[in-house]
Amino acid sequence: MPTFLRRQLASSPSPGPGPAPSPSRVYHVTAYGADPSGKSDSTEALMSALADAVKGPNEGVLMEGIVNLGGVQINLDGGHYIISKPLRLPIASAGNVMIHGGTLQAADNFPDDAYLIDLSPPSSSSASSIDTQLDSSSSSYNYEYITLKDLMLDSNYRGGGIAVINSLRTSIDNCYITHFTTDGILVRGGHETYIRNSFLGQHITAGGDHGERNFSGTAINLMGNDNAVTDVIIFSAAVGIMVSGQANTLSGVHCYNKATGFGGTGIYLKLPSLTQTRIINCYMDYTGIVAEDPAQLLISSSFFLGDANIMLKSINGVANGVTIVDNMFSGSDKGINIVHLDGEFKKIDQVVVDRNNVRGMNLKSTVARGSMQGNGSSFTVDFNSILLFPNLIKHVQYSLTTSDNTFPNHALRNVSDNRVVIQSSSNSTASVYVLVDQGMAS
């Protein structure tokens, strides 16, 4: 019976400075006086719960120097809380912590450059000082194994939702993040942040929004390595996912954030010559993908709707190790290429664009097949309408068959300007079949 009473007391709001002692490692914020109705500011109450949570017993260390807090939980009790300052763990170098189960909304006086949940060291004033943080902690991580789950984050058009700074193995699961003006989620430095089963949008809409042209901000900004975004919906922002770190994976992402025709981008890969990104099984809904100087990039098994396309953007003219295969493209017969180039590419190697199916758009490929029939001694097959790169054919295979009794000698004479010229030793009635490839390894 006494144990039951202690539990009841620990889960009920208390007018005092803190809850009664409890052996539980679950800290209920309402027990610290947080207002679950969202009528009053709950910042101090939430910070008090966080402070008590990190003071509890620890279970040794995770990575060197990071204290394992044993799975301690900060439970938001299904409430709606107004906060005027970012929520931060009061100590750095902590791990195995979960915050879950409620709504956080920025107050009208919340700093417009801050994030509702900020996993950066408590000594820094805001996430805007990230460069200094990274320089000062280059040999260690701020946090490890922090889980943010079952949360709705409303930035109230003031700043961002979540900042994960120089942290390791962070999990963001089943979160709804909205009304941000900077980033819905910022990941900078560190490794292995997993974002899954979540919904992000600057404005709450289900498409066809009259204000779509004015959408701004970035839903997910990955400025670190080895992260994964899985089964995520991005329904409004200027940029759906910005990637400027290496070895990231995007899978099952549906972007309809801002149409390409309105100046939006679904996925922007901004790491020239070090892309190392895999985009698999995604749905690009009227908004496309931009890759700067792509190197080691895979885009596969994805659906592009409403003239959404892939742009390869030249910074230093490099396209190396790019594979764009087995995708579906559906457009509106406006003559838009499924893959197109912005600028000139001079260093092209191991690029494969092939096996994509297309409806209402122009097919572009690095592998093409063509044929012609005629009577004469010279046969030209033009591949300009299909091949992605101008004036580039690295490999040719062809066959020539005659329908009369002639047996002419024949040879490949020219491959300039994406045209293949086959010449025979005498006039004949013949059929020529040609296979060309732009992207074979040199």
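Only a predicted model underlies this, so the values are computations on that prediction, with no experimental measurement involved.

### A few points about the overall build of the chain
- Along its length, the chain carries three helices and 31 strands.
- Its C-alpha radius of gyration of 28 Å places the chain more than 25% over the 22 Å reference for a compact globule of 442 residues.
- In terms of overall dimensions, the chain has C-alpha extents of about 105 × 50 × 40 Å along its principal axes.
- Within the chain, residue pairs in contact and separated by at least 24 positions form 63% of the contacts whose partners lie at least 6 positions apart.
- If you sum the accessible surface of the chain, you get close to 18,900 Å²; carbon and sulfur atoms cover 50% of it.
- When the 27 basic and 37 acidic side-chain charges of the chain are each reduced to a single mean position, those positions are 2 Å apart.

### Remarks on the nonpolar core
- Counting residues in each nonpolar core, the largest one holds 83 residues, and the members touching the most others are Ile220 and Ile241.
- If one sorts the elements of this core by residue count, helix 2 (residues 43-55) sits on top with six residues.
- With residues near it in sequence (within four places) discarded, Ile241 still touches Ile220, Leu222, Val229, Ile234, Leu250, Val253, Gly266, Ile267 and Tyr268.

### Things to note about the side chain of His179
- Locating His179 in the fold gives a position in the loop between strand 8 (171-178) and strand 9 (183-191).
- By relative accessible area, which is 15% here, His179 ends up buried.
- Each residue touching His179, except ones within four places of it in the same chain, is listed here: Asp154, Ser155, Asn156, Tyr157, Arg158, Gly201, Gln202, His203 and Ile204.

### Observations regarding the state of the cysteines
- All told, the structure shown has zero disulfides when counted by the stated rule.
- Left without a disulfide partner, Cys175 is nearest to the cysteine sulfur of Cys255, which lies 17 Å away.
- We note that Cys255 lacks a disulfide partner, and the nearest cysteine sulfur, in Cys282, lies 7.1 Å from it.

### Some words on the sheet that holds strand 7 (residues 160-165)
- Here we have nine strands laid out as an open sheet, ordered 5-7-9-11-13-16-19-22-25, and parallel in their pairing. In the strand order of this sheet, the two ends are held by strand 5 (115-119) and strand 25 (339-342), each with one partner. On average, each strand axis in the sheet is inclined to that of its neighbour by 10 degrees, with strand direction left out of account.
- Alignment of strand 13 (residues 239-243) against strand 16 (residues 265-269), held across four bridges, turns out to be parallel. Bridging across to strand 16, Val239 finds its partner in Thr265.

### Quick word on unusual backbone geometry
- Even without being a glycine, Ser273 presents a positive backbone phi close to 70 degrees.
- Tracing the backbone through its elements, the reader meets Ser273 in the loop between strand 16 and strand 17 (277-280).
- Overall, the relative accessible area of 33% leaves Ser273 in the partly exposed class.
- For Asn418, which is not a glycine, the phi torsion comes out positive at approximately 55 degrees.
- Residue placement: Asn418 occurs in the loop between strand 30 (410-414) and strand 31 (419-437).
- The exposure class assigned to Asn418 is buried, which follows from its relative accessible area of 1%.

### Focus: the side chain of Ser300
- Within the secondary structure, Ser300 is located in strand 20 (residues 295-300).
- Taking the relative accessible area as the measure of exposure, Ser300 reaches 11% and is therefore buried.
- Only 3.4 Å separates the side chain of Ser300 from the side chain of Ser301, close enough to count as a polar contact.
- The residues touching Ser300, leaving out its near neighbours within four places in the chain, are Ile279, Ile280, Asn281, Val325, Asp326 and Asn327.

### So, the pairing of strand 8
- Summarising burial for strand 8: six of the eight residues are buried, a large majority.
- Taken together, the seven bridges between strand 6 (residues 143-154) and strand 8 define a ladder with parallel strand orientation. Bridging from a neighbouring strand, Thr147 pairs with Ser171 of strand 8.

### A closer look at the pattern of salt bridges
- Inspection of every chain in the model, using the stated rule, returns eleven salt bridges.
- A salt bridge links Lys270 to Glu292, with the shortest nitrogen-to-oxygen separation between them at 3.2 Å. Placement of Lys270 in the loop between strand 16 and strand 17 and of Glu292 in strand 19 (residues 289-292) is noted, with a sequence separation of 22 residues between them.
- Using a relative accessible area of 5% as the deciding quantity, one classes Glu292 as buried.
- A salt bridge links Lys313 to Asp342; its shortest N-O distance comes to 3.1 Å. Within this pair, whereas Lys313 is found in strand 22 (residues 310-313), its partner Asp342 is found in strand 25, the two being separated by 29 residues in sequence.

### Quick look at the environment of Arg158
- In this structure, Arg158 sits in the loop between strand 6 and strand 7.
- According to the relative accessible area criterion, Arg158 is partly exposed, its value standing at 23%.
- Here the alpha-carbon distance between Arg158 and Thr260, two residues 102 residues apart in the chain, equals 25 Å.
- Separated by 2.4 Å, the side chain of Arg158 and the backbone oxygen of Phe110 make a polar contact.

Rules used throughout
Residues numbered from 1 in each chain as written. Predicted model: local features only at pLDDT ≥ 70, side-chain atom pairs only at ≥ 80, totals over all residues. Heavy atoms only, no water. Helix = DSSP H or I, 4+ residues; strand = E, 2+ residues; numbered from the N terminus. Rg over C-alpha atoms; globule rule 2.2 N^0.38 Å. Contact = heavy atoms within 4.5 Å. Areas by Shrake-Rupley, 256 points an atom, 1.4 Å probe, with all protein chains shown as cover. Lys, Arg positive; Asp, Glu negative; His and termini not counted. Charge placed at Lys NZ, Arg CZ, Asp CG, Glu CD. Core = buried A, V, L, I, M, F, W, Y, C linked by side-chain atoms within 4.5 Å. Buried < 20%, exposed > 50% of the residue type's maximum accessible area, 1.4 Å probe, protein only. Disulfide = S-S within 2.5 Å. Pairing = 2+ DSSP bridges. Axes fitted to C-alpha atoms, helices over the stretch in contact; angles between N-to-C directions. Polar contact = N/O pair within 3.5 Å; in protein donor to acceptor, adjacent residues only side chain to side chain. Salt bridge = Lys/Arg side-chain N within 4 Å of Asp/Glu carboxyl O.

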